[in-house]
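# Structure assessment
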There are 10 protein chains.
Amino acid sequence: MLLGIPPIVSPLLLKTLSEMGHGDRLVIADGNFPAESVGRDAIVIRCDGHGVPELLDAILRLVPLDQYVDKPVTLMDVVPGDPVATPIWDEYRDIIARRDPRLNAAAGDRRPGPAGEGPSGPDDLIGKVSRFDFYDLAKSAYAVIATSESAQYANVMLQKGVVLQ
Amino acid sequence: MLLGIPPIVSPLLLKTLSEMGHGDRLVIADGNFPAESVGRDAIVIRCDGHGVPELLDAILRLVPLDQYVDKPVTLMDVVPGDPVATPIWDEYRDIIARRDPRLNAAAGDRRPGPAGEGPSGPDDLIGKVSRFDFYDLAKSAYAVIATSESAQYANVMLQKGVVLQ
Amino acid sequence: MLLGIPPIVSPLLLKTLSEMGHGDRLVIADGNFPAESVGRDAIVIRCDGHGVPELLDAILRLVPLDQYVDKPVTLMDVVPGDPVATPIWDEYRDIIARRDPRLNAAAGDRRPGPAGEGPSGPDDLIGKVSRFDFYDLAKSAYAVIATSESAQYANVMLQKGVVLQ
Amino acid sequence: MLLGIPPIVSPLLLKTLSEMGHGDRLVIADGNFPAESVGRDAIVIRCDGHGVPELLDAILRLVPLDQYVDKPVTLMDVVPGDPVATPIWDEYRDIIARRDPRLNAAAGDRRPGPAGEGPSGPDDLIGKVSRFDFYDLAKSAYAVIATSESAQYANVMLQKGVVLQ
Amino acid sequence: MLLGIPPIVSPLLLKTLSEMGHGDRLVIADGNFPAESVGRDAIVIRCDGHGVPELLDAILRLVPLDQYVDKPVTLMDVVPGDPVATPIWDEYRDIIARRDPRLNAAAGDRRPGPAGEGPSGPDDLIGKVSRFDFYDLAKSAYAVIATSESAQYANVMLQKGVVLQ
Amino acid sequence: MLLGIPPIVSPLLLKTLSEMGHGDRLVIADGNFPAESVGRDAIVIRCDGHGVPELLDAILRLVPLDQYVDKPVTLMDVVPGDPVATPIWDEYRDIIARRDPRLNAAAGDRRPGPAGEGPSGPDDLIGKVSRFDFYDLAKSAYAVIATSESAQYANVMLQKGVVLQ
Amino acid sequence: MLLGIPPIVSPLLLKTLSEMGHGDRLVIADGNFPAESVGRDAIVIRCDGHGVPELLDAILRLVPLDQYVDKPVTLMDVVPGDPVATPIWDEYRDIIARRDPRLNAAAGDRRPGPAGEGPSGPDDLIGKVSRFDFYDLAKSAYAVIATSESAQYANVMLQKGVVLQ
Amino acid sequence: MLLGIPPIVSPLLLKTLSEMGHGDRLVIADGNFPAESVGRDAIVIRCDGHGVPELLDAILRLVPLDQYVDKPVTLMDVVPGDPVATPIWDEYRDIIARRDPRLNAAAGDRRPGPAGEGPSGPDDLIGKVSRFDFYDLAKSAYAVIATSESAQYANVMLQKGVVLQ
Amino acid sequence: MLLGIPPIVSPLLLKTLSEMGHGDRLVIADGNFPAESVGRDAIVIRCDGHGVPELLDAILRLVPLDQYVDKPVTLMDVVPGDPVATPIWDEYRDIIARRDPRLNAAAGDRRPGPAGEGPSGPDDLIGKVSRFDFYDLAKSAYAVIATSESAQYANVMLQKGVVLQ
Amino acid sequence: MLLGIPPIVSPLLLKTLSEMGHGDRLVIADGNFPAESVGRDAIVIRCDGHGVPELLDAILRLVPLDQYVDKPVTLMDVVPGDPVATPIWDEYRDIIARRDPRLNAAAGDRRPGPAGEGPSGPDDLIGKVSRFDFYDLAKSAYAVIATSESAQYANVMLQKGVVLQ
């Protein structure tokens, strides 16, 4: 454990987040995601027993979202026709709104990033792709975090931005 | 994840618990325990972000306590003169009372084990050793689980018993 | 050994089953299957001396079949013209009927899975592919279990489903 | 699998038995024996799901008992005062009587070995040591086979003899 | 060494032969064959100082030839126009005639395999391919045995058959 | 790089500091310290090109000094009779005064630690040992950081304290 | 540390530079460059806490630029339309002018290299490629040095030349 | 060191030369050749401080040139228009003339190899390819020896022939 | 294979013999010697299928016996009272007489070695130790060669001498 | 290769010399020294084909001798009564006189080191120990360089000093 680092961030996760660079992607996977097979070429970090929201919140305290792309957060979209609700997405929106410096001045400086409008809310930062596109993208992620999240459609992929010193 | 296995038990922890035999010892360590250095000759399993009680409960659903020794559970005793309270020990007592088959008929059969009185409550199963004796015992444990438990005097060592098929 | 886990499931097999996710596939191979070469990119688990049925039964107590595909179980079909009988398939049907929650309410809840009819018997869950298609599919399985099963056409491939907590 | 080799003998077990020499010792351990910790300096071979007798029988078809010591087979003796019966020892006696060439001329030539009486029955080949002496001896064995044997006092240690070509 | 196993079969070779399955191929290479480079993706087993015939004979005592293909033995054919004699092929024919159960009832049962004529002599089991086709096939073999055989055109490839228990 | 983490702390150093527990020791070594040989049983982290003070400062922002011992910081004392000055020790005192929460309320809460006086200045936290005692202690440290510090008597050893969540 | 070698050059960096040959490329990356993922097939050397200029200067004291290509130094060009200034490029020009023997006779002999004009200033040695071309080239570099440089457009790739003895 | 083996042939080089077979290629590279990157899929053997001729001479005492191809020795040809002299090639011709049994009866028997003329001098054994073809061929060599040879165009590739016992 | 090297000497054996120095010891073990357990800290080289004499002969063509000790060859002495004959020792005497340069001027120069008498026959070079002393010495040998030699008392240990260039 | 580094210093040797610290020892061993067995716990660097003097000279250009001990160079003394001459020691004296800054002002600054007389010639820096003491010291060296030096009593051990930046 370290001063100021959320305890849920293990030493290996901390190292992995730290060695990621601008544009590298990270998957926070739910409990049924095939993390080991999809992450065969990635670093797989076990966080069994945890849900996605507490990891998302901890990670966004350490890792900025990519300021140079429109949608640095990617969700797996609901399969067409599936009537399922996705209340966990609201949790994600709240966490992003609380942690992204562009949405919350108190969280830090808004730099860097291209000039112009900037996001006006978390939905401006969140994209969705179909299940199979999500799998394909996940296969080239730098790391996959395997949680035990039981909510449906809970997988989330983050693209790391620039860290200003 | 598997049917009937608590999600907090990671694949590696599951394998480790399974390959332990009668008499092997396991440490569930709190967040400040030097798990990596004490566990240098052991299998160290990271469970960052979790507390000890939820792991103790999950493990006792899979691993019986040693039926052939008096005190299969070992706590690190309070340093003499330290006025600290250890409310987490009560949680441990409750978990053991709920999970040990000798204390809770509903948890399963009481066999095996020597004939005679048997434990009448969880305190009959819990021993305490001084801090330095605890460290020495921990160095020869089969595995050390590193949690983020923040309670004081929360380290606990378990000795595995016989599994009846 | 662990409480409630069939002893035939070794620590490594237990870990492997646990780290598989939704959609990952597992081959339980007979004694003459080229498990090591076909499984070159997979985890190969030796279960020499055992037959397929006892492993199938033990695994289905821990792993649900995929609720989102029509045929989560795949057999290697008899080569056209071969008059061989395949009595071991009847054993597989019995095991599946006994272990799949959708076919046996006593085995647990039927959720999750798409609404609608659901399987009415084990044959609704079992597909067959030709020998060479079976080999191709097996090469991308997550794990291959090498048994000593001596029955013919005894190889079986399982696709893991969603584990509800 | 190979012609003439019992299928229960896995490739790794076969290699291990083959590379053992005169005087090397092998433990066939029951399901609760701490095989991984006792065998930390040995080769540990998982044979989960099997009992000791079928492995003992298969191994004695490939490995001769040491012809140069009095008691090449070692059992863990019953703890003094323990009224437990050990019927599995009778099975061991039968297997040894059937497989040892000195006791069964049909099993092969009696050579080599010191001149003189030779064993007149399996008990002449079986020694017993106390539980703690057994553990100490097991720690320097060449290999430990972890079975799921559920009988009590079922651990058995073999000392390999000379193979005549 | 083991009872009944030819001493020329090393522990590693024994393990390798045992873990091969139906259809896996094995090259017994002469002393000038580029075993390490051709076998880069295979298991290479050094048998320096030995010739091919003694290894072929020992291996065929343990491994059946594939009963499901016409030519389970493959030789590297003489380059067109090369007047070289290949007397070692006669040795191979003799060994195969002596060891293959279909050609020598004393060697064991003829099963399994397709009904019909069956081979009437070793030449019915031996195919030949050109030098470059042999190299290509060898690159996907399961194992390559490097001997010091000095005869010309002495390389031989075997395809493993079904082992009946 | 991560938000709020000094860039001088590499991913590996971050992981190492994080996995250290209460009582583990860390050496920040100067450029001529035999870090690789003394640290043979430790984790050696190369920080070539850096001095000790910038690393000490960065590390104390993440790692608390041991609140349960008198002197959690250890310097290598000047060899008796050596007239050398050690101005770098003043830098260390300043850094410790600025970073230790017990000396600088602004750096955070003073807890935990035994009741009583507490340190009144950095010298209360700094012990000195002879060169050879320093070497002996360093050999059992958890990690050794190899800097290029050119100042004399610049080696410093830290003992990690308890991190409060 | 070694006599005459800049301390910032770690043992591993020294080895890596030494084993590079004519035409091998090296990336000195800024703090946000995805060094670990781009350098997946390369040797990645952490130089956290350092800037690019001090490493460039140290490396050019040991490694000559390729005398056989026009532009042995490659920068990532500014994205079209981006008004950002790149003052760090001037530092690079100064370092190259000071260290390249063709530009500074005092730095050593100008040989080898093709006859003719030769470079008249550092700009003759520096090429620029677009961001994505830079990434593609970096993926086949021999090594990637991960610094903490905070300047923008600070990544630089060097192609090693011929070392005259 | 061994009796009769040139001391310049290290244990690893000796093993590598020995495990090469007929048709395998070996590069003896000069001091600026990118041996580690070109040899990424090969065995790279460091012979720093040595020149190519002494290694060529030592190797040809142990390794015959391929008797079945026209040009078993390959040089990197001078770039068209380059007026450089290549006096080291004369050294190579002398060494080959002295060591190849077909050119020097005293060096041993001329066998094996196709009937007919045979080489009348070293130039009959030496081919040249362009720089880029040389690089491509080198990438599939079995081994690359990295020397410190300072002569230009000094790289040489050898194709191993048949060793007669 | 290499020119002038006996084919029985595998690449690994060649490397091992070459990297041994003055005073290092080598065991050539018979087929029942516990080579893997005794050689746990040594390099174990499998030569299954071979006898000791052919290896002894091949090795003495490459390795000189220690010229600075009285008895560079060590045999395991016959157990007192054992009437067994050891005809293989005569083979060893013949081989040593033929290969040791001090006993056979044709085998090479007699240097180096202390002045004085020198050995007058192979028995002057051969010592014997008891079985248990042999085992103890073998445990600190540099390498153990595992043969399939079936003769009794056939183990032999060699101490390497100085190689003159 | 690198600018200003002697080509005989391989990348691995360069790395090793660089990571050694004050007081670490290095053995430059002759061709018959048992470098691999004595250096079992050290880094062994093969420099086959080279003599000791050229390596000693190259190393002393990079590594200072320990300024804080009387005799940073250690030779293996002649065995009492041995009349052998050791002319190579004169070469060592010359090299040390040429490279040690305290003996050759042109080689660099004399600092650091204790005040006082300082060495007046190379013999002041060279100690001798008996053969067995040399072996014992060598076993705890940081690295052992294996040369092919053929001179007698040519082994030399160096203790690294302080590098001033």
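Residues numbered from 1 in each chain as written. Chains lettered and ligands numbered in written order. Predicted model: local features only at pLDDT ≥ 70, side-chain atom pairs only at ≥ 80, totals over all residues. Heavy atoms only, no water.

Under an unreviewed UniProt entry, chain A has the name Fucose isomerase and belongs to Bifidobacterium leontopitheci.

### Thoughts on the overall build of chain A
Within chain A one finds five helices and six strands. Its helices and strands in sequence order give chain A the pattern α-β-α-β-α-β-α-β-α-β-β, from N to C terminus. In summary, chain A has a C-alpha radius of gyration of 15 Å against a globular reference of 15 Å for 165 residues, a match within 12%. Across its three principal axes, chain A shows a C-alpha extent of roughly 40 × 35 × 25 Å. Counting across all 165 residues of chain A, residues that qualify as buried make up 58%. Intrachain contacts of chain A at a sequence separation of at least 6 include 83% that bridge at least 24 residues. As presented, chain A carries roughly 6,500 Å² of accessible surface, and 49% of it is formed by carbon and sulfur atoms. Each charge class in chain A can be summarised by its mean position, and for the 16 positive and 23 negative side chains these summaries are 4 Å apart. (Helix = DSSP H or I, 4+ residues; strand = E, 2+ residues; numbered from the N terminus. Rg over C-alpha atoms; globule rule 2.2 N^0.38 Å. Buried < 20%, exposed > 50% of the residue type's maximum accessible area, 1.4 Å probe, protein only. Contact = heavy atoms within 4.5 Å. Areas by Shrake-Rupley, 256 points an atom, 1.4 Å probe, with all protein chains shown as cover. Lys, Arg positive; Asp, Glu negative; His and termini not counted. Charge placed at Lys NZ, Arg CZ, Asp CG, Glu CD.)

### Section: the pattern of salt bridges
Tallied over the entire structure, the rule returns 80 salt bridges over all chains. With a shortest N-O distance of 2.7 Å, Asp123 of chain J and Arg93 of chain J are connected by a salt bridge. Of the two residues, Asp123 of chain J is situated in the loop between α4 (87-99) and β4 (126-129) and Arg93 of chain J in helix α4; the sequence distance between them amounts to 30 residues. Salt bridges linked by common partners bring Glu36, Arg46 and Asp48 of chain A together as one network. (Salt bridge = Lys/Arg side-chain N within 4 Å of Asp/Glu carboxyl O.)

### Things to note about the relation of the copies chain A and chain F
Of the transformation superimposing chain A on chain F, the axial component is 0.0 Å and the angular component is 180 degrees, with the fit at an RMSD of 0.0 Å. On the angle and the small slide along the axis, the relation comes out as a two-fold axis. For chain A, the minimum C-alpha distance to the rotation axis belongs to Lys15 of chain A and amounts to 2.6 Å. Most of the interface of chain A is mirrored in chain F, where 100% of its interface residues are also at the interface. (Least-squares fit on C-alpha atoms with pLDDT ≥ 70 in both.)

### A closer look at the packing of helix α3 (residues 52-60) of chain I against helix α4 (residues 87-99) of chain I
Residues and elements named next belong to chain I. Where α3 contacts α4, the two axes come as close as 10 Å, and the packing angle between them is 15 degrees. Here α4 runs roughly parallel to α3, going by the angle between their axes. In this structure, α3 crosses over α4, and the sense of that crossing is right-handed. Facing α3, whose interface residues are Val52, Pro53, Leu56, Asp57 and Leu60, α4 presents Ile88, Glu91, Tyr92, Ile95, Ile96, Arg98 and Arg99. Of the residues assigned to the contact of α3 with α4, the class counts are eight nonpolar, no polar and four charged. (Axes fitted to C-alpha atoms, helices over the stretch in contact; angles between N-to-C directions. Parallel < 35°, antiparallel > 145°, perpendicular 65-115°, else oblique. Left-handed = near helix turned anticlockwise from the far one by under 90°. Nonpolar A, V, L, I, M, F, W, Y, C, P; charged D, E, K, R; others polar.)

### Describing helix α4 (residues 88-99) of chain D
With twelve residues, α4 of chain D should cover 16 Å at 1.5 Å per step; its first-to-last C-alpha distance of 17 Å lies within 8% of that length. Those residues of α4 of chain D that are buried are in contact with α3 (52-60), β3 (73-76), β4 (126-129) and β6 (156-159) of chain D. (Expected span 1.5 Å × (residues − 1).)

### As for the relation of the copies chain F and chain J
Two copies of the chain are present, and they differ by a rotation about an axis and a shift along that axis. The two copies are related by a screw operation: chain F maps onto chain J through 72 degrees of rotation and 0.0 Å of translation along the axis, at an RMSD of 0.0 Å. One copy is carried onto the other by what is essentially a five-fold rotation axis. Among all residues of chain F, the one whose C-alpha sits closest to the rotation axis is Asp41 of chain F, at a distance of 10 Å.

### As for the packing of aromatic side chains
Applying the stated criterion across every chain yields a total of 20 aromatic pairs over all chains. On the basis of an interplanar angle of 40 degrees and a centroid distance of 5.4 Å, the ring pair of Phe33 of chain C and Tyr135 of chain C is categorised as tilted. With Phe33 of chain C in the loop between β1 (25-29) and α2 (35-38) and Tyr135 of chain C in helix α5 (residues 131-139), this residue pair connects regions lying 102 residues apart in the sequence. A network of ring pairs unites the aromatic residues Phe33, Phe134 and Tyr135 of chain A as a single cluster. (Phe/Tyr/Trp six-rings, centres within 6.5 Å; stacked < 30°, edge-to-face > 60°.)

### Points about helix α4 (residues 87-99) of chain G
Residue and element names in this part refer to chain G. Taking 1.5 Å as the rise per residue, α4 with 13 residues should run 18 Å; its terminal C-alpha atoms sit 19 Å apart, in good agreement. For α4, the complete set of buried residues consists of Ile88, Trp89, Tyr92, Ile95 and Ile96. For α4, the arc enclosing every buried residue in end-on projection is 120 degrees, short of the 170-degree limit, so these residues lie on one face. Residues of α4 that are buried in the fold lie against α3 (52-60), β3 (73-76), β4 (126-129) and β6 (156-159). (Arc of directions from axis to C-beta.)

### Description of the interface of chain F and chain J
The interface of chain F with chain J comprises 13 residues on the first partner and eleven residues on the second. Between chain F and chain J lies a buried interface of about 870 Å² when both sides are counted; carbon and sulfur atoms form 38% of it. It is Asn32, Glu36 and Arg40 of chain F that lose the most area in chain F upon contact with chain J, and together they represent 50% of the buried surface on that side. Run the count over chain F and chain J and you get zero salt bridges. The tally of links between chain F and chain J comes to four residue pairs in polar contact (both at pLDDT 80 or more). Looking at the side of chain F that touches chain J residue by residue, the classes come out as three nonpolar, five polar and five charged. (Buried area = accessible area lost by both parts, 1.4 Å probe. Polar contact = N/O pair within 3.5 Å; in protein donor to acceptor, adjacent residues only side chain to side chain.)

### Let's talk about the interface of chain A and chain F
With 21 residues of chain A in contact, the opposing surface of chain F contributes 21 residues. Carbon and sulfur atoms make up 70% of the surface buried where chain A meets chain F, a total of about 1,900 Å² over both sides. On the chain A side of the contact with chain F, Met1, Leu2 and Leu3 of chain A bury the most area, a combined 36% of that side's loss. Linking chain A to chain F there are zero salt bridges. Summed over the shared surface of chain A and chain F, the number is six residue pairs in polar contact (both at pLDDT 80 or more). Split by residue class, the side of chain A that touches chain F holds 15 nonpolar, two polar and four charged.

### Some thoughts on the arrangement of the chains
Left apart from each other, chain E and chain G have a closest C-alpha approach of 20 Å. Between chain D and chain H there is no contact, and the shortest C-alpha to C-alpha distance separating them is 24 Å.

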